[in-house]
Amino acid sequence: MGGPFDASESTIAPMIENHRRARTQRAALEQRGWLVRSLLYFPLLICVRWRERRALAKLVAIVPLTAEDARCKLTYVMANMIADRSTGPMEDVATVTETLRSHKDSLTRFLRK
């Protein structure tokens, strides 16, 4: 798929792609007006939303191994929060902060650029 989140040895990149896919599927499902009248619409929407929340929860909980993974995680989570216009549960923000703490110096330099 290309983009700033591609990495061959990354543990974060596949999780970002998984969340991105789930988010795209949810958005596509919500845009299909004819499907709203279908009996399968709401069960499908519930399933896709659950998948999206689960993918984000896994991404929030993982501790990045490298500074590059930490930068990818921070960038993606910040972009996701801006796109959703919400911070999500405050526990998630605290968890992301805690998991990124070991890469604090490199992230500080990255954010100052």
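Reading guide: rules and limits
- Residue numbering note: each chain is counted from 1, following its sequence as written.
- Predicted model: local features are reported for residues with pLDDT of at least 70 only, side-chain atom pairs are reported and counted for 80 or more only, and whole-chain, interface and lining totals are derived from all residues.
- Hydrogens and waters are ignored; side-chain quantities use all the structure's heavy atoms.
- Secondary structure elements are taken from DSSP: a helix is a run of H or I of four residues or more, a strand is a run of E of two residues or more, and numbering for both begins at the N terminus.
- Here, two residues are considered to be in contact whenever any of their heavy atoms come within 4.5 Å of each other.
- In short, Shrake-Rupley with a 1.4 Å probe defines the accessible areas, and a residue's cover is counted only from the protein chains shown.
- By nonpolar core is meant a set of buried Ala, Val, Leu, Ile, Met, Phe, Trp, Tyr and Cys residues that side-chain atoms within 4.5 Å join together.
- Burial classes follow relative accessibility: with a 1.4 Å probe on protein chains only, a residue under 20% of its type's maximum area counts as buried, one over 50% as exposed, and anything between as partly exposed.
- When we speak of the arc, we mean the arc of directions from the helix axis to the C-beta atoms.
- Here, axes are lines fitted to C-alpha atoms. For helices the fit covers the stretch in contact, and angles between N-to-C directions go from 0 to 180 degrees.
- With respect to orientation, any angle under 35 degrees is reported as roughly parallel, any angle over 145 as roughly antiparallel, any angle of 65 to 115 as roughly perpendicular, and every other angle as oblique.
- For a crossing to be left-handed, the near helix must be turned anticlockwise from the far one by less than a right angle; the clockwise case is right-handed.
- Side-chain classes are defined by residue name, with Ala, Val, Leu, Ile, Met, Phe, Trp, Tyr, Cys and Pro counting as nonpolar, Asp, Glu, Lys and Arg as charged, and the others, Gly among them, as polar.
- Here the term cavity refers to a set of points on a 1 Å grid, laid over the protein atoms alone, in which a 1.4 Å probe fits but cannot get out; the term pocket refers to an open set having protein on both sides within 12 Å along at least five of seven lines, with lining residues being those that place an atom within 4 Å of a point.
- Grid points are joined across faces, edges and corners, and a volume is the space filled by probe spheres set on the points.

J.: Would you mind going over the overall build of the protein in detail, with residue names and values included?
T.: Helix and strand counts for the protein stand at five helices and zero strands. When the helices and strands of the protein are read in sequence order from the N terminus, they spell out α-α-α-α-α. Partitioning the contacts of the protein with sequence separation of at least 6, the portion at a separation of at least 24 is 68%. If you sum the accessible surface of the protein, you get close to 7700 Å²; carbon and sulfur atoms cover 61% of it.

J.: Residues and numbers for the nonpolar core, please.
T.: For soluble globular proteins, nonpolar side chains are generally found buried alongside one another. Judged by nonpolar contacts, Ile12, Ile16, Leu59, Val60, Ala70, Cys72, Leu74, Tyr76, Val77, Val96, Leu100 and Leu107 together constitute the single largest core of twelve residues. For this core, the secondary-structure elements that each account for two or more residues are helix 1 (12-31), helix 2 (41-61), helix 3 (67-84) and helix 4 (90-100). Every residue in contact with Ala70, bar those within four places of it in the chain, is listed here: Pro64, Leu100, His103 and Leu107.

J.: Can you break down helix 4 residue by residue, with the values?
T.: Along helix 4, the positions that sit buried rather than exposed are Val96, Thr99 and Leu100. For helix 4, the arc enclosing every buried residue in end-on projection is 95°, short of the 170-degree limit, so these residues lie on one face. Opposite the buried face of helix 4, by more than 90 degrees, sit the exposed residues Met90 and Glu91. Looking at the packing, one finds that the buried side of helix 4 touches helix 2, helix 3 and helix 5 (104-112).

J.: An account of the packing of helix 1 against helix 3 is needed here, citing residue identities and associated values.
T.: Helix-helix packing is characterised by the crossing angle of the two axes and by the distance between the axes. Taken N-terminus to C-terminus, the directions of helix 1 and helix 3 make an angle of 20°; their axes are 9 Å apart at the nearest point. The orientation of helix 1 with respect to helix 3, classified from their angle, is roughly parallel. Along this stretch, helix 1 crosses helix 3, giving a crossing that reads as left-handed. Of the residues in helix 3, those touching helix 1 at Ile12, Ile16, His19, Arg20 and Arg23 are Asp69, Cys72, Lys73, Tyr76, Asn80, Ala83 and Asp84. A breakdown of the residues in the contact of helix 1 with helix 3 according to their chemical character gives five nonpolar, two polar and five charged.

J.: Pulling in residues and values, what's your account of the layout of surface pockets?
T.: One number sums up the size of the second largest pocket: a volume of about 240 Å³. Lining the second largest pocket are 13 residues, with Leu74, Val96, Thr97, Leu100 and Leu107 positioned closest to its centre.

J.: Run through the environment of Val93, naming residues and quoting values.
T.: For Val93, the position within the fold is in helix 4. With relative accessibility at 26%, the residue Val93 sits in the partly exposed group. When the C-alpha atoms of Val93 and Met81 are compared, they prove to be 9.8 Å apart, with twelve residues separating the residues in sequence.

J.: Give a detailed account of the packing of helix 2 against helix 3, specifying residues and quantitative values.
T.: Between helix 2 and helix 3, whose axes approach to 11 Å, the crossing angle comes to 140°. By the angle between their directions, the pair helix 2 and helix 3 is classed as oblique. In the packing of helix 2 onto helix 3, the handedness of the crossing is left-handed. Together, Leu56, Leu59 and Val60 of helix 2 and Lys73, Tyr76, Val77 and Asn80 of helix 3 make up the contact between the two elements. Of the residues contributing to the contact of helix 2 with helix 3, the split by class is five nonpolar, one polar and one charged.

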